[in-house]
Amino acid sequence: MDKLTVAAVLDRIVFAEPDTFDAADGRLLAALIPERRRRLFGASIAAKMPGGTTSGSAAGVGSVDLKNDDREFTAEVGADDFVRVGQYKLLRDRDGIEIWQVMSDTLDDEPKGALLRLDSAGEPTALLMFAPRRLRLPFLIGNLILQRAGWRDWKRPVRAGAAGGACAGRTPG
């Protein structure tokens, strides 16, 4: 796989136009990324716990109590096998190609993920943006957040050179 070509194609699909992408770029990406099998079950856990306090004496001040930083941790069970290309993590399965920015995660406040939906022939049909559905439940020392993956419409494929398409107004170069 030519990772420079994949990164360039991804940049065009994601950033070139606000509501369309070139269908040829989608086909090229589908041809370059190998299909992998998804795990049947996966879960991500993120937690934050209070850090506690430290007590002591300071010269000229007396007793001092310092609050420690909160402790945070994350864990994944059954994580899928992504391919890393530049600033992206990619996973292709039968539904399409999941595209994630490397530093983003599904549990972030604003996760940066997309799904390039492909039909059975490998033809791109849509680019969807990750939009999780979250349910917050009060729990012992904080909130328990249950999240279900969700996708919403973002971009549609167009033929190169079509009006308003990814290559409209550009000269070959």
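Preceding block: the structure.
Residues numbered from 1 in each chain as written. Predicted model: local features only at pLDDT ≥ 70, side-chain atom pairs only at ≥ 80, totals over all residues. Heavy atoms only, no water.

Before going further, it helps to spend a moment on the environment of R117. Take R117: it is sitting in strand 9 (residues 113-118). For R117, a relative accessible area of 30% gives the class partly exposed. For the pair R117 and G26, spaced 91 residues apart in sequence, the C-alpha to C-alpha distance is 9.2 Å. The contact partners of R117, leaving out residues within four places of it in the chain, are D95, G96, E123, P124, T125, A126 and L128. (Helix = DSSP H or I, 4+ residues; strand = E, 2+ residues; numbered from the N terminus. Buried < 20%, exposed > 50% of the residue type's maximum accessible area, 1.4 Å probe, protein only. Contact = heavy atoms within 4.5 Å.)

Turning to the sheet that holds strand 9, a few remarks are in order. Read across the sheet, 7 strands follow the order 1-13-10-9-8-7-6 without closing on themselves; strand pairing throughout is mixed. Edge positions in the sheet fall to strand 1 (20-22) and strand 6 (83-85), since each has one partner strand and no second. For this sheet the average axis-to-axis angle between neighbouring strands, irrespective of direction, equals 30 degrees. Pairing geometry for strand 6 and strand 7 (residues 88-93), over 3 bridges, is antiparallel. By the bridge assignment, R84 is partnered in strand 7 with K89. Contacts between helix 1 (residues 3-15) and the sheet are confined to strand 1, strand 6, strand 7, strand 8 (96-101), strand 10 (124-130) and strand 13 (151-158), with strand 7 contributing the most and set at about 90 degrees to the helix. Sheet strands touched by helix 2 (residues 23-32): strand 1, strand 7, strand 8, strand 9, strand 10 and strand 13. Its angle to strand 1, the strand with the most contacts, is close to 60 degrees. (Pairing = 2+ DSSP bridges. Axes fitted to C-alpha atoms, helices over the stretch in contact; angles between N-to-C directions.)

Keep in mind these numbers describe shape, not what the thing actually does.
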